[in-house]
Amino acid sequence: MSTESAKPALSQEAIVAQFQQLRNEQRNLANSLNTLEMDLREHKTVIETLESADPERKCFRLIGGVLCERTVKEVLPQLVENKDFIAKTITMVTDDLSKKGSELNKFKEDHNIKIRGEHLGTEGSKGSDAAEKAENRNVLVSN
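Residues numbered from 1 in each chain as written. Predicted model: local features only at pLDDT ≥ 70, side-chain atom pairs only at ≥ 80, totals over all residues. Heavy atoms only, no water.

**Q** Can you break down unusual backbone geometry residue by residue, with the values?
**A** Working note: non-glycine residues mostly have negative phi, and peptide bonds are mostly trans. The phi angle at Asn112 is positive, at roughly 50°, despite the residue not being glycine. If you trace the backbone, Asn112 turns up in the loop between helix H2 (72-110) and strand S3 (113-116). A relative accessible area of 36% places Asn112 in the partly exposed class. (Helix = DSSP H or I, 4+ residues; strand = E, 2+ residues; numbered from the N terminus. Buried < 20%, exposed > 50% of the residue type's maximum accessible area, 1.4 Å probe, protein only.)

**Q** Break down the pattern of salt bridges for me, with residues and values.
**A** By the definition in use, this model includes 6 salt bridges. Across the salt bridge formed by Glu56 and Lys73, the nearest N and O atoms sit 2.9 Å from each other. With a gap of 17 residues between them, Glu56 in the loop between helix H1 (2-51) and strand S1 (58-63) and Lys73 in helix H2 connect regions that are remote in the sequence. Note on Lys73: relative accessible area 49%, which makes it partly exposed. Among the salt bridges present, the one from Glu103 reaches Lys100, with a minimum N-O distance of 3.6 Å. Separated by 3 residues within a single helix, Glu103 and Lys100 lie in helix H2, roughly one turn from each other. Look at Glu103 and you get partly exposed, because its relative accessible area is 39%. Connected through shared salt-bridge partners, Glu25, Lys100 and Glu103 make up one network. (Salt bridge = Lys/Arg side-chain N within 4 Å of Asp/Glu carboxyl O.)

**Q** Break down the packing of aromatic side chains for me, citing the residues and quoting the values.
**A** Within this structure, the stated rule accounts for 1 aromatic pair. Seen in terms of ring centroids, Phe19 and Phe107 are 6.4 Å apart; in terms of plane orientation they differ by 15°. Their pairing is stacked. In this pair, Phe19 sits in helix H1 while Phe107 sits in helix H2, placing the two residues 88 residues apart along the sequence. Here the two residues Phe19 and Phe107 agree in accessibility, since each one is buried. (Phe/Tyr/Trp six-rings, centres within 6.5 Å; stacked < 30°, edge-to-face > 60°.)

**Q** Lay out the environment of Lys44 in plain terms, naming residues and giving numbers.
**A** For Lys44, the location among the structural elements is in helix H1. On the basis of relative accessibility, which here comes to 41%, the residue Lys44 falls in the partly exposed class. Spatially, the C-alpha atoms of Lys44 and Lys83 are 7.3 Å apart, while their sequence positions differ by 39 residues.

**Q** Got a sec to walk through the UniProt feature "coiled-coil region" (unreviewed entry) in the chain? Specific residues and values, please.
**A** Feature annotation in UniProt places "coiled-coil region" (unreviewed entry) on residues 19-53, given in this structure's numbering. Between the first and last C-alpha atoms of residues 19-53 the distance is 52 Å; the span itself is 94% helix and 0% strand. (UniProt positions renumbered as here; feature names shortened; annotations may be inferred.)

**Q** Report on H2, specifying residues and quantitative values.
**A** Over its 39 residues, H2 extends 56 Å from the first C-alpha to the last, a length consistent with the 57 Å expected when each residue adds 1.5 Å. Looking one or two residues beyond H2, the residue adopting positive phi is Asn112, at roughly 50°. (Expected span 1.5 Å × (residues − 1).)

**Q** Which residues make up the confidence of the model for the chain, and what are the values?
**A** Taken over all residues, the pLDDT of the chain has a mean of 83, while the share at 70 or more is 76%. Per-residue pLDDT stays below 50 along residues 1-9; that stretch engages in 0 contacts with residues further than four places along the chain or on separate chains. (pLDDT = per-residue confidence, 0-100. Contact = heavy atoms within 4.5 Å.)

**Q** Break down the pairing of S1 for me, citing the residues and quoting the values.
**A** Pairing geometry for S1 and strand S2 (residues 66-71), over 6 bridges, is antiparallel. Counted as the bridge partner of Phe60 is Glu69 from S2. Counting the residues that bridge the hairpin from S1 to S2 gives 2 residues, and of these Gly64 lies at a positive phi of roughly 60°. (Pairing = 2+ DSSP bridges.)

Structure representation (structure tokens):
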């Protein structure tokens, strides 16, 4: 008897663990996207600044932790190429993020997973203090 009752609990734990893993993957993709967007803004700012500078003027570029002395005409094409690559990468990560979100929602629907505090307004509130506390916590409830 005890092995039969332990088996569904283990399955439920595995479902919760897989759901948490999907959420963590989604968070990591979102963090990567934010980092790439910051890099893109920095590249655009530097490119705008260097376009107004004299092409023979010396500038410094950090490559792999080493500061290298170059000229503006050498660095500018490399920066434009990097900016284009970052923009393409942002597009790919955005697509991956939307796919992961769809996968996560499908997993939630398939396994009837509800997150406490997610739909608090539809269930009614028991009290304003209780509702605030429930919203601050993300507790996973699986049936």
